[in-house]
Each structure stands twice: as structure tokens, then as C-alpha cells.
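What follows is the residue order along each chain.
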Amino acid sequence: EWDEDKALLSLSICPTSEWCPCFAPFHVEPRNIIGDDLQERVSAEAAILNSRVHYYGRLTGSSDRLLSPPDHVIPRPEEIYIYSPLGTAFKVGGGEHASKNPSIITIFAIWNTMMGTSILSIPWGIKQAGFTLGSVILIVLGLLMLYCCYIVLKSPKAIPYLDTSDWEFPDVCRYYFGKFGQWLSLIFSMVSLIGAMVVYWVLMSNFLYNTGQFIYNYAHNVNTSDSEFGTNGSDKVICPYPNTNPIGNNSVGMSFITKSGNDTSDVGSFEYWWSKTNTIPLYLIILLLPLLCFRSASFFARFTFLGTISVVYLIVLVTIKAVRLGFHLEFHWFNGTQFYVPEFRVFFPQLTGVLTLAFFIHNCIITLMKSNKHQENNVRDLSVAYLLVGLTYLYVGVIIFAAFPSPPLSKSCIEPNFLDNFPSSDVMVFVARTLLLFQMITVYPLLGYLVRVQMMGQIFGKHYPSFLHVLALNILIVGTGVLMAKFYPNIGSIIRFSGAACGLALVFVFPALVHMISLKRQGALRWPSALFHSFLILLGVANLLAQFFM
């Protein structure tokens, strides 16, 4: 899916040399690798090696060992990297001398890669489904996503007579479905990446707006408590868009609260130039568009640790807020009240869409698991990682929902980004928004780099055909983010649509079909298995279609 020369270095050949990692990453030239030496170091020798590997790739397939290239043709292990869907760079070690990770490191690597912006929308998704139904859906869908991920992990080993040790799931799809499967997997991979970039733009606009608002109010001693509809006390909770019908669906939340009429002209001028939807999305263009045009985004991979720090801080924040606010729960099974939503709601597909992206790691799980020291524990470690992710989502979702102060506020006030339910003057939430803002500013160029490498590599055969090509692609991506941040800044809906779309192919349809075809060729397909995996396909289709009716 990437630049042809780079892909051939790692995808088309897995040599017999002792150090061969048998991974399927793409090769990154030394100038794109994080290191102490930042200058251009691409030598003529490296170009010659590219050509030689290209030549050997034309001579033989991955199953033919006779014409495998010698050791000196293959890049050194320290020159090979793989990338997670969110742009985190992992170094590939090789052979007997490779540094393999123990199970605990592998488990937390999966947890760190899977955790993303979806965690901010889990409380909203539980509210849309109802507390009881939402909790059950989170557990059940997490188990189904784990099973589909298990199928993906085992799929290369189920192919007979071929060396699939360096294959990824797109290679498996190409084996079973030809070019159609390869291109379809690429398209849905683009949907997930670009969808994540749009969500990031909306969230960055939100966080930058609230950060600026906090600084301005603190510097000018502005008190906005009278103009906010919310609770009183040291831990104030607000309802940004009060709904006159709490029992109804509050998924869009596009109404706005105006300030009281006694605002000063300075405050009015500040609000005019510092608008969450009108100006902030445009300000971000000045910062992020040039960063997207860099040939390499490896510099930003230095800061991916901010993601782990942000998630840990969010968990601490949720815990502290819950202790201070207490729990506010009443169970009304089918009919809501003024302050509480029913336990079972017809809007539950909105939660399933969010969770499909929240548990999505299927397109890189094979690569992540290859670095596990004890390969026989892969299934166990994958299950433990999913358990930790599920518990994290369940903890944040349940705690925020239960601690939301009802009365005086209705549970329907819970926002798609639960941080919006806290005022910009909240210091702890200000720290959370600032951490997330810096994290997203560093991850956004990495996502753009992955989109560019995959798309340009397929269309033009090189990941940086020209500055104009890259600029046009980046303008298209940035323009989409700006439009969504201005006209539809609802991350819950964006996440659920992109999650349901990419999940349809890469989570439900392809894994289920691959598993059934493999069993059929072995003569081991039985009707209970066929029914269950056909149900998974129908579930993926229904999940996507239901998003258009919510």
C-alpha cells in the first residue's frame, strides 16, 4: 500500500538470513528516522540496494526460496520501522538477536495504540443507548471485536504452501480476493485515517478555544458563571446546549447559548475573533498545513508518549470528579423522566458505531504481535489487552454517566466530548485540554503522513511525487476538517460514521469471509460456524446502515 521500492524492501521478500524479522513494515530511509543526526543521509548505496531488491522481487514470489536475495541486499534491522494506525513508530529487531518484548510490554503497547479520542465519546454513547443497555453493548461488542481480531491474527497461518511470515492482513485479503480486496482494504483504511484527522481537527478547535478562553478570563478577571446553565459549587458541571425535551435525542446539539447583555465591548470583540466554529478552525490552518507538507513526520513521533500521559490523566480526572460529585442514578427502564434517560433507548446504534472505532486495531495487530517474545501467548496477551481497553472504556463511561449531577441537570446534557460538560474555568479540565491539544498537534501530521504514503504510493508509485501533489492532498484533508469543525462539530457522530464504515470491511466482513473460506478449503466448515460468521457480516452491515437513521 506504500511506495513500491519501500514496500518491496519488506513486503515482497522474506530472506533466509538469520536476522530476518519476517515483519511486513515499510522501509524508511535514514533521513526519515528519528536520530541524533538530522541531515540528509540517503546514499547511492541505499539506492542501489533498492534496485537490487526490486530486481529480486521480480524474479521470485515469497514462497520460492531459491532466488531469495542475499544478506547484503536487505536493509539493516535498524533501518526498518513499522507504524501503528495513529502514527507511532516501532523499531523492528531481527532474528535471534532481536529484542523481543515480554507479554506485559506487548499488552500495554496494544492498549496504548488502541486508546484514542473515542474515550471522550463513550459517556455520550452510553447516554444514547441507556445506562444498562449501553454497558451491556460495550461488553458484548468488545468480545465480538476481540474474536474478529483473533481471526485476523491467525489468518496468515491458515494459508497452506506459502511462506506468510511477513504478511499483513491486506496481503491475506489480496490472496483471497485479489486486487479488489487489496484496494477495498486500502479505501476503508483511508476512511479510518481521514475520519480520525477530521475528529482531531474538531477537537483541536475545541481545546484551543477553551484554552484561550481560560487564559483570557483569568487575565481579565471575567466571570461567566451567571451565563452558564449548570450546577453551583467548587466542581461545576454545565449543560452547554440545554434541551427543552430531555427525553428526546440530543445527539446533534447545534444550538448555542448567547452571553448576557451586559458584556463589555472588549469581551464582545474577543468573542468575535475567538470563536469555536468561525475563527479557531481557520487559525489551525496556519499551524498545521505547513507541518503536513513535511517530507517526513518522524520528528513528531518523539511526542507520542503524550498520548499515554493524556489517557492516564483523564482517568485520574474522572476519578476525582466522581468522588467530589457523587453518584446520581435512577433506573427507568423504558420511559425517561425530566432528569433521567431510560435504560433502553433506540439510539443504541450510535454507541455501536463509536465502539467499532474505539476497539479497532485489526489493521496492525499482526505487526504488533510479531514482537512478542512468547508467540504461543499471543492469544492470551491479545485477550488481556482487550480486557484492559474494555475496562478503561467502561470505567470512564460509567463513572462520568453516574456522576453527572441529575438533578439539577438532565442526563441528556452529556456531550459527545464529555470535557465540554465542564466550564473553561475548571483548572483540572484546562490541564486535560492542554495535554490533549499538544498531543493531537503532534499526532495529526503523523496521520497525514500515513494517508499520503498509502494514497500517493498506490496512485503515483512514490510517497512524495511533488510538493504540489502533496499540497493538494493536504488542502483537501484540512478543508474537510475545517468544514466539519464549522458546520457539524459533533465528534460523536463523526466517530460513529467513520467507525462503522471502516469496521464494516476490516472488522466484520473480511475477517468473517476469510475464516469461512479457509475452513471450506480445509473441508472443516460446519453450518453453526457458517451461521455465526454470516451473522457477523450482517451485524457489520446493519451497524453502518443504522447510523443513517439515528
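Sequence order sets the numbering: in each chain, residues are counted from 1 along the sequence as written. Local features in this predicted model are restricted to residues of pLDDT 70 or higher, and side-chain atom pairs are both shown and tallied only at a pLDDT of 80 or more, whereas totals for entire chains, interfaces and linings draw on every residue. Heavy atoms from the whole structure form the basis of all side-chain values; hydrogens and water molecules are not counted.

Visitor: What's the story with the overall build of the chain in this structure? I'm lost.
Guide: Segments assigned H or I by DSSP are reported as helices when at least four residues long, segments assigned E as strands when at least two residues long, and all are numbered from the N terminus. Helix and strand content of the chain: 16 helices and 3 strands. Out of the 550 residues in the chain, the part that is buried amounts to 57%. In this description, contact between two residues means that some pair of their heavy atoms is separated by no more than 4.5 Å. Restricting to contacts in the chain with at least 6 residues of sequence separation, those with at least 24 account for 81%. All accessibility values rest on the Shrake-Rupley procedure with a 1.4 Å probe; residue burial counts only the protein chains present in the view. About 23,600 Å² of surface is accessible on the chain, with carbon and sulfur atoms providing 66% of the total. Buried means the residue's accessible area, taken with a 1.4 Å probe over protein chains only, is under 20% of the maximum for its type, while exposed means over 50%, and partly exposed covers the values in between.

Visitor: Even after reading the chapter, I still don't get the packing of aromatic side chains, so can you show me in this structure?
Guide: Geometrically, a pair of aromatic rings is defined through the distance of the ring centres and the angle of the planes. Each Phe, Tyr or Trp ring, with Trp reduced to its six-membered ring, pairs with another whose centre is within 6.5 Å; inter-plane angles below 30 degrees give stacked pairs, above 60 give edge-to-face pairs, and intermediate values give tilted ones. If you walk through the whole model with that rule in mind, you get 21 aromatic pairs. With 6.3 Å between their ring centres and 70° between their planes, F108 and W111 make a pair best called edge-to-face. You can see F108 and its partner W111 sitting in helix α3 (residues 103-114), 3 residues apart, about one turn around the helix. Between W274 and Y283, the ring centres sit 6.1 Å apart and the planes meet at 35°, which makes this aromatic pair tilted. Whether a charge sits over a ring comes down to the Lys NZ or Arg CZ being within 6 Å of the ring centre and within 35 degrees of the ring normal. In this arrangement the basic side chain of K486 is found over the ring face of F487, its NZ or CZ atom lying 5.5 Å from the centre.

Visitor: Looking at this structure, I do not really get the state of the cysteines. What am I missing?
Guide: Working definition of a disulfide: a covalent bond connecting the sulfur atoms of two cysteines. Put simply, a disulfide is two cysteine sulfurs that come within 2.5 Å. With the rule as written, the count across this model stands at 1 disulfide. Residue pairing for C239: its cysteine sulfur links by disulfide to C413, the two sulfurs lying 2.0 Å apart. Linking C239 and C413, the disulfide has an S-S dihedral of approximately -80° and is accordingly described as left-handed. Residue C239 is found in the loop between α6 (169-220) and α7 (265-273), and its partner C413 is found in the loop between α12 (378-403) and α13 (427-460); the two are separated by 174 residues along the sequence. Here the two residues C239 and C413 agree in accessibility, since each one is buried.

Visitor: I would appreciate a short explanation of the packing of helix α10 (residues 349-358) against helix α16 (residues 527-547) in the present structure.
Guide: Two quantities define a packed helix pair, namely the angle between the helix axes and the distance between the axes. Closest axis-to-axis distance for the α10/α16 pair is 9 Å, and the angle between their directions is 120°. The interaxial crossing formed by α10 with α16 has left-handed handedness. In this structure, α10 contributes P349, Q350, T352, G353 and T356 to the contact, and α16 contributes N543, A546 and Q547. Amino acids are sorted into nonpolar (Ala, Val, Leu, Ile, Met, Phe, Trp, Tyr, Cys and Pro), charged (Asp, Glu, Lys and Arg) and polar (every other residue, Gly among them). Its residues placed into classes, the contact of α10 with α16 shows 2 nonpolar, 6 polar and no charged. Helix axes are fitted only over the stretch in contact, all axes being lines through C-alpha atoms; the angle between N-to-C directions runs from 0 to 180 degrees. Helix crossings fall into two classes, left-handed where the near helix is turned counterclockwise from the far one by less than a right angle and right-handed where it is turned clockwise.

Visitor: Mind showing me how you'd approach unusual backbone geometry here?
Guide: Cis geometry marks the peptide bond from S406 to P407, where omega comes out at -15°. Residue position: P407 is located in the loop between α12 and α13. For the bond from P407 to P408, the omega torsion is 15°, close enough to zero to count as cis. Here P408 shows up in the loop between α12 and α13.

Visitor: Honestly, the confidence of the model for the chain in this entry has me stumped. Any pointers?
Guide: Detailed reading of the predicted model is not advised wherever pLDDT is low. On a range of 0 to 100, pLDDT expresses the predictor's confidence in each residue. Per-residue confidence for the chain averages 78 on the pLDDT scale, and 74% of its residues sit at or above 70. Considering only residues more than four positions removed or in separate chains, one finds that residues 1-42, a stretch of pLDDT under 50, has 124 contacts. Taken as a whole, residues 244-265 scores under 50 in pLDDT and shows 46 contacts with residues more than four places along the chain or in a different chain.

Visitor: What is the right way to look at the side chain of D381 in this model?
Guide: For D381, the position within the fold is in helix α12. Judged by its relative accessible area of 0%, D381 is buried. Polar contact criterion, stated in full: a pair of N or O atoms within 3.5 Å, where within protein one must be able to donate a hydrogen and the other to accept it, and residues adjacent in sequence count only if both atoms are side-chain atoms. Within the structure, D381 has its side chain in polar contact with the side chain of S103 (distance 2.9 Å).

Visitor: How should I be thinking about the environment of F430 in this particular structure?
Guide: If you trace the backbone, F430 turns up in helix α13. With sequence-adjacent residues up to four places away left out, F430 is seen in contact with T211 and F214.

Visitor: Looking at this model, I keep getting lost on the packing of α6 against helix α8 (residues 280-292). Mind explaining?
Guide: Where α6 contacts α8, the two axes come as close as 10 Å, and the packing angle between them is 125°. When the interaxial angle is binned, α6 and α8 end up oblique. The handedness of the crossing between α6 and α8 comes out as right-handed. Listed contacts from α8 to M197, W201, M204, S205, L208 and Y209 of α6 are I280, P281, L284, I285, L288 and L292. Grouping the amino acids of the contact of α6 with α8 by side-chain chemistry returns 11 nonpolar, 1 polar and no charged. These descriptions rest on fixed angle ranges, namely under 35 degrees for roughly parallel, over 145 for roughly antiparallel, 65 to 115 for roughly perpendicular, and the rest for oblique.

Visitor: Where do I start with the nonpolar core in this structure?
Guide: The nonpolar side chains of a soluble globular protein tend to be buried with one another. We define the nonpolar core as a collection of buried residues of types Ala, Val, Leu, Ile, Met, Phe, Trp, Tyr and Cys that are connected through side-chain atoms lying within 4.5 Å of one another. L120, M204 and Y444 are the most contacted members of the largest nonpolar core, which has 124 residues in total. With 18 residues, α6 is the single largest residue contributor to this core. With 5 residues, the next largest nonpolar core counts Y209, F270, W274 and I280 among its residues.

Visitor: What's the story with helix α14 (residues 467-487) in this structure? I'm lost.
Guide: Note on helix geometry: an α-helix contains 3.6 residues per turn, so any two residues three or four positions apart are oriented the same way. In a helix, the anticipated span is given by 1.5 Å times the number of residues less one. Look at α14: 30 Å from first C-alpha to last across 21 residues, which is about the 30 Å you get at 1.5 Å a residue. If you check which residues of α14 are buried, you get V470, L473, N474, I477, V478, G481, V482 and A485. Contact partners of the buried residues in α14: α6, α8 and α13.

Visitor: For this particular structure, what's the right way to read α6?
Guide: Its 52 residues place the ends of α6 only 55 Å apart at the C-alpha level, less than the 76 Å of an ideal helix rising 1.5 Å per residue. To get the bend at any residue, fit one axis to the seven residues that end at it and another to the seven that begin at it, then take the angle between the two axes. The sharpest bend along α6 reaches about 145° and sits at F177. Directly beyond the C-terminal end of α6, a positive phi value near 55° is found at N221.

Visitor: Please clarify how the pattern of salt bridges should be interpreted in this entry.
Guide: Close approach of charged atoms allows side chains with opposite charge to pair. Salt bridge, as used here: a side-chain nitrogen of Lys or Arg that lies within 4 Å of a carboxyl oxygen of Asp or Glu. Taken as a whole, this structure holds 3 salt bridges when the rule is applied. Two residues, R174 and D171, come together in a salt bridge whose shortest N-O distance is 2.6 Å. One end of the pair is R174 and the other is D171, both in helix α6 and 3 residues apart, which spans about a single turn. The exposure class of R174 is partly exposed, given its relative accessible area of 36%. Judged by its relative accessible area of 9%, D171 falls in the buried class. Residues D381 and R380 are paired through a salt bridge, measuring 3.0 Å at the closest nitrogen-oxygen approach. Residue classification places R380 among the partly exposed residues on the basis of a relative accessible area of 45%.

Visitor: Can you walk me through a nonpolar patch on the surface in this structure?
Guide: Taken together, L329, F331, W333, F334 and F344 make up a surface patch of nonpolar side chains, about 540 Å² in accessible area. Looking at the element boundaries, W333 is found in the loop between α9 (305-325) and α10. According to the relative accessible area criterion, W333 is partly exposed, its value standing at 44%. Each patch is built from residues lacking any salt bridge and having more than 30% relative accessible area; the joining distance is 9 Å for like charges and 5 Å for nonpolar side chains (Val, Leu, Ile, Met, Phe, Trp, Tyr).

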